[in-house]
Amino acid sequence: MSDTTTISAAPEQLSPLTHALVLHFGEMGNRWGINRTVGQIYALLVFVEAPLNAEQISSLLSFSRSNVSMGLKELASWDLVIMKHLPGDRRDYFTVPEDVWEIAKTLILQRRKRELEPTLTELRNHLVDASPAEDYAISRMQEMHDFMELIVQWTDDMDRLSSADLDRLIKLGAGVNKVLDFTRRGKTESG
(Lines give C-alpha, C1' and ligand atoms only; values in the text may rest on other atoms or scores of the structure.)
Protein backbone atom coordinates (compact mmCIF):
# COMPACT_ATOMS: atom_id res chain seq x y z
CA MET A 1 0.00 0.00 0.00
CA SER A 2 1.47 3.34 -0.94
CA ASP A 3 1.51 6.40 1.26
CA THR A 4 -0.40 8.30 -1.43
CA THR A 5 -3.62 6.41 -0.66
CA THR A 6 -6.45 8.90 -0.27
CA ILE A 7 -9.49 8.77 1.93
CA SER A 8 -11.72 8.57 -1.14
CA ALA A 9 -10.52 4.97 -1.67
CA ALA A 10 -12.47 3.89 1.43
CA PRO A 11 -15.66 2.02 0.54
CA GLU A 12 -19.09 3.47 1.27
CA GLN A 13 -20.33 0.01 2.23
CA LEU A 14 -18.91 -3.50 2.49
CA SER A 15 -19.02 -5.93 -0.38
CA PRO A 16 -20.79 -9.23 0.38
CA LEU A 17 -17.41 -11.01 0.48
CA THR A 18 -15.84 -8.53 2.90
CA HIS A 19 -19.00 -8.54 5.03
CA ALA A 20 -18.89 -12.35 5.28
CA LEU A 21 -15.21 -12.29 6.26
CA VAL A 22 -15.81 -9.57 8.87
CA LEU A 23 -18.59 -11.65 10.42
CA HIS A 24 -16.41 -14.79 10.41
CA PHE A 25 -13.45 -13.01 12.06
CA GLY A 26 -15.84 -11.71 14.70
CA GLU A 27 -17.01 -15.26 15.46
CA MET A 28 -13.42 -16.52 15.49
CA GLY A 29 -12.34 -13.66 17.75
CA ASN A 30 -13.90 -15.39 20.75
CA ARG A 31 -11.89 -18.52 20.00
CA TRP A 32 -8.71 -16.49 19.59
CA GLY A 33 -9.12 -14.77 22.94
CA ILE A 34 -10.37 -11.40 21.67
CA ASN A 35 -13.89 -10.06 21.57
CA ARG A 36 -16.12 -10.09 18.51
CA THR A 37 -15.82 -6.35 17.91
CA VAL A 38 -12.02 -6.45 17.84
CA GLY A 39 -12.09 -9.41 15.45
CA GLN A 40 -14.45 -7.60 13.11
CA ILE A 41 -12.44 -4.37 13.17
CA TYR A 42 -9.28 -6.29 12.35
CA ALA A 43 -10.94 -8.16 9.50
CA LEU A 44 -12.17 -4.89 8.07
CA LEU A 45 -8.64 -3.47 8.15
CA VAL A 46 -7.23 -6.62 6.57
CA PHE A 47 -9.74 -6.88 3.72
CA VAL A 48 -10.22 -3.21 2.83
CA GLU A 49 -7.34 -1.74 0.84
CA ALA A 50 -7.47 1.86 2.05
CA PRO A 51 -6.50 2.99 5.53
CA LEU A 52 -9.62 3.80 7.53
CA ASN A 53 -10.29 6.29 10.30
CA ALA A 54 -12.40 5.49 13.34
CA GLU A 55 -15.49 7.20 11.91
CA GLN A 56 -15.29 5.13 8.72
CA ILE A 57 -14.84 1.93 10.70
CA SER A 58 -17.78 2.87 12.90
CA SER A 59 -19.97 3.56 9.87
CA LEU A 60 -18.96 0.45 7.90
CA LEU A 61 -19.48 -1.90 10.86
CA SER A 62 -22.39 -0.05 12.50
CA PHE A 63 -20.46 0.11 15.78
CA SER A 64 -20.45 2.98 18.24
CA ARG A 65 -17.45 5.27 18.02
CA SER A 66 -16.45 4.29 21.59
CA ASN A 67 -16.46 0.56 20.69
CA VAL A 68 -14.27 1.29 17.68
CA SER A 69 -11.86 3.34 19.81
CA MET A 70 -11.60 0.56 22.39
CA GLY A 71 -11.13 -2.05 19.65
CA LEU A 72 -8.39 -0.02 17.98
CA LYS A 73 -6.63 0.41 21.34
CA GLU A 74 -6.75 -3.37 21.84
CA LEU A 75 -5.33 -3.99 18.36
CA ALA A 76 -2.63 -1.37 18.97
CA SER A 77 -1.68 -3.10 22.24
CA TRP A 78 -1.06 -6.24 20.18
CA ASP A 79 0.98 -4.21 17.61
CA LEU A 80 -1.46 -5.36 14.92
CA VAL A 81 -2.40 -2.00 13.42
CA ILE A 82 -0.40 0.73 11.75
CA MET A 83 -1.47 4.31 12.29
CA LYS A 84 -1.12 6.64 9.32
CA HIS A 85 -1.76 10.30 8.72
CA LEU A 86 -3.01 11.50 5.38
CA PRO A 87 -1.97 14.88 3.98
CA GLY A 88 -4.44 17.61 4.92
CA ASP A 89 -6.36 15.40 7.36
CA ARG A 90 -5.83 15.55 11.13
CA ARG A 91 -7.56 12.22 11.83
CA ASP A 92 -5.71 9.00 12.53
CA TYR A 93 -6.07 6.31 9.89
CA PHE A 94 -5.48 2.63 10.53
CA THR A 95 -4.27 -0.20 8.38
CA VAL A 96 -2.40 -3.48 8.78
CA PRO A 97 0.88 -4.75 7.31
CA GLU A 98 0.56 -5.92 3.72
CA ASP A 99 2.75 -8.96 4.43
CA VAL A 100 0.75 -11.78 6.03
CA TRP A 101 4.00 -13.20 7.46
CA GLU A 102 4.57 -9.96 9.38
CA ILE A 103 1.08 -10.27 10.84
CA ALA A 104 1.72 -13.92 11.77
CA LYS A 105 5.08 -13.11 13.38
CA THR A 106 3.51 -10.30 15.39
CA LEU A 107 0.73 -12.58 16.62
CA ILE A 108 3.17 -15.33 17.59
CA LEU A 109 5.49 -12.92 19.41
CA GLN A 110 2.60 -11.24 21.21
CA ARG A 111 1.16 -14.58 22.35
CA ARG A 112 4.62 -15.58 23.55
CA LYS A 113 4.92 -12.35 25.53
CA ARG A 114 1.44 -12.69 27.04
CA GLU A 115 1.29 -16.46 27.62
CA LEU A 116 4.65 -18.24 27.50
CA GLU A 117 6.87 -15.73 29.24
CA PRO A 118 4.74 -15.37 32.41
CA THR A 119 4.51 -19.17 32.66
CA LEU A 120 8.28 -19.50 32.18
CA THR A 121 8.84 -16.99 34.97
CA GLU A 122 6.49 -18.93 37.24
CA LEU A 123 8.22 -22.23 36.42
CA ARG A 124 11.66 -20.73 37.07
CA ASN A 125 10.52 -19.36 40.43
CA HIS A 126 9.08 -22.71 41.49
CA LEU A 127 12.12 -24.65 40.29
CA VAL A 128 14.37 -22.46 42.42
CA ASP A 129 12.14 -22.78 45.51
CA ALA A 130 11.06 -26.43 45.11
CA SER A 131 11.70 -28.94 47.86
CA PRO A 132 13.86 -31.93 46.87
CA ALA A 133 11.07 -34.14 48.23
CA GLU A 134 9.00 -33.16 45.20
CA ASP A 135 11.14 -34.98 42.64
CA TYR A 136 8.31 -35.87 40.27
CA ALA A 137 6.87 -32.33 40.19
CA ILE A 138 10.35 -30.87 39.76
CA SER A 139 11.09 -33.23 36.90
CA ARG A 140 7.82 -32.33 35.13
CA MET A 141 8.36 -28.60 35.72
CA GLN A 142 11.86 -28.87 34.29
CA GLU A 143 10.57 -30.69 31.19
CA MET A 144 7.88 -28.07 30.68
CA HIS A 145 10.38 -25.26 31.27
CA ASP A 146 12.86 -26.71 28.77
CA PHE A 147 10.12 -27.21 26.16
CA MET A 148 8.86 -23.66 26.58
CA GLU A 149 12.41 -22.28 26.39
CA LEU A 150 12.81 -24.16 23.11
CA ILE A 151 9.61 -22.54 21.79
CA VAL A 152 10.85 -19.11 22.86
CA GLN A 153 14.15 -19.73 21.05
CA TRP A 154 12.26 -20.91 17.97
CA THR A 155 10.14 -17.75 17.94
CA ASP A 156 13.32 -15.64 18.19
CA ASP A 157 14.79 -17.55 15.24
CA MET A 158 11.52 -17.24 13.29
CA ASP A 159 11.40 -13.50 13.90
CA ARG A 160 14.82 -13.09 12.28
CA LEU A 161 13.76 -14.91 9.10
CA SER A 162 12.52 -12.99 6.10
CA SER A 163 8.98 -13.57 4.90
CA ALA A 164 10.32 -15.40 1.85
CA ASP A 165 12.40 -17.73 4.03
CA LEU A 166 9.44 -18.39 6.35
CA ASP A 167 7.31 -19.21 3.33
CA ARG A 168 9.93 -21.66 2.05
CA LEU A 169 10.31 -23.22 5.50
CA ILE A 170 6.59 -23.87 5.91
CA LYS A 171 6.29 -25.20 2.37
CA LEU A 172 8.95 -27.79 3.14
CA GLY A 173 6.27 -29.64 5.09
CA ALA A 174 6.81 -33.36 4.75
CA GLY A 175 10.25 -32.68 3.31
CA VAL A 176 11.43 -31.99 6.85
CA ASN A 177 10.44 -35.53 7.83
CA LYS A 178 12.58 -36.87 4.97
CA VAL A 179 15.58 -34.90 6.23
CA LEU A 180 15.00 -36.09 9.80
CA ASP A 181 14.63 -39.71 8.62
CA PHE A 182 17.85 -39.38 6.63
CA THR A 183 19.77 -38.01 9.63
CA ARG A 184 18.32 -40.72 11.92
CA ARG A 185 19.39 -43.44 9.48
CA GLY A 186 22.85 -41.92 9.32
CA LYS A 187 23.15 -41.98 13.11
CA THR A 188 21.96 -45.59 13.46
CA GLU A 189 24.27 -46.78 10.68
CA SER A 190 27.29 -45.03 12.21
CA GLY A 191 26.35 -45.80 15.82
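This structure is a prediction, so every number in the text was calculated from the model and none was measured.

Draft legend 1. Looking closely at the packing of helix α1 (residues 16-32) against helix α2 (residues 36-47). Taken N-terminus to C-terminus, the directions of α1 and α2 make an angle of 140°; their axes are 7 Å apart at the nearest point. Regarding the angle of α1 to α2, the classification is oblique. Here α1 and α2 pass one another in a crossing that is right-handed. For the pair α1 and α2, contact is made by T18, L21, V22, L23, F25, G26, E27 and N30 and by R36, G39, Q40, A43, L44 and F47, respectively.

Draft legend 2. Fine view of the packing of aromatic side chains. Inspection of every chain in the model, using the stated rule, returns two aromatic pairs. Relative to W32, the ring of F25 lies with its centre 5.5 Å away and its plane at 80°, an arrangement referred to as edge-to-face. Classification of W32 as partly exposed rests on a relative accessible area of 37%. Relative to F47, the ring of F25 has its centre 5.5 Å away and its plane inclined at 85°; by these criteria the two rings are edge-to-face. Placement of the pair is F25 in helix α1 and F47 in helix α2, with a sequence separation of 22 residues. You can call F25 buried: its relative accessible area is 18%. Three or more aromatic residues joined by ring pairs make a cluster, and in this case those are F25, W32 and F47.

Draft legend 3. Quick peek at the nonpolar core. Residues I41, L44, L45, L52, I57, L61 and L72 are the most contacted members of the largest nonpolar core, which totals 27 residues. The set of elements that each furnish at least two residues to this core consists of α1, α2, α3 (54-61) and α4 (65-77). Leave out the neighbours within four places in its chain, and L45 touches L52, I57, L72, V81, F94, T95 and V96. One finds L116, L120, M141 and V152 within the second-largest nonpolar core, a separate group that totals six residues.

Reading guide: rules and limits
- Residues numbered from 1 in each chain as written.
- Predicted model: local features only at pLDDT ≥ 70, side-chain atom pairs only at ≥ 80, totals over all residues.
- Heavy atoms only, no water.
- Axes fitted to C-alpha atoms, helices over the stretch in contact; angles between N-to-C directions.
- Helix = DSSP H or I, 4+ residues; strand = E, 2+ residues; numbered from the N terminus.
- Parallel < 35°, antiparallel > 145°, perpendicular 65-115°, else oblique.
- Left-handed = near helix turned anticlockwise from the far one by under 90°.
- Contact = heavy atoms within 4.5 Å.
- Phe/Tyr/Trp six-rings, centres within 6.5 Å; stacked < 30°, edge-to-face > 60°.
- Buried < 20%, exposed > 50% of the residue type's maximum accessible area, 1.4 Å probe, protein only.
- Core = buried A, V, L, I, M, F, W, Y, C linked by side-chain atoms within 4.5 Å.

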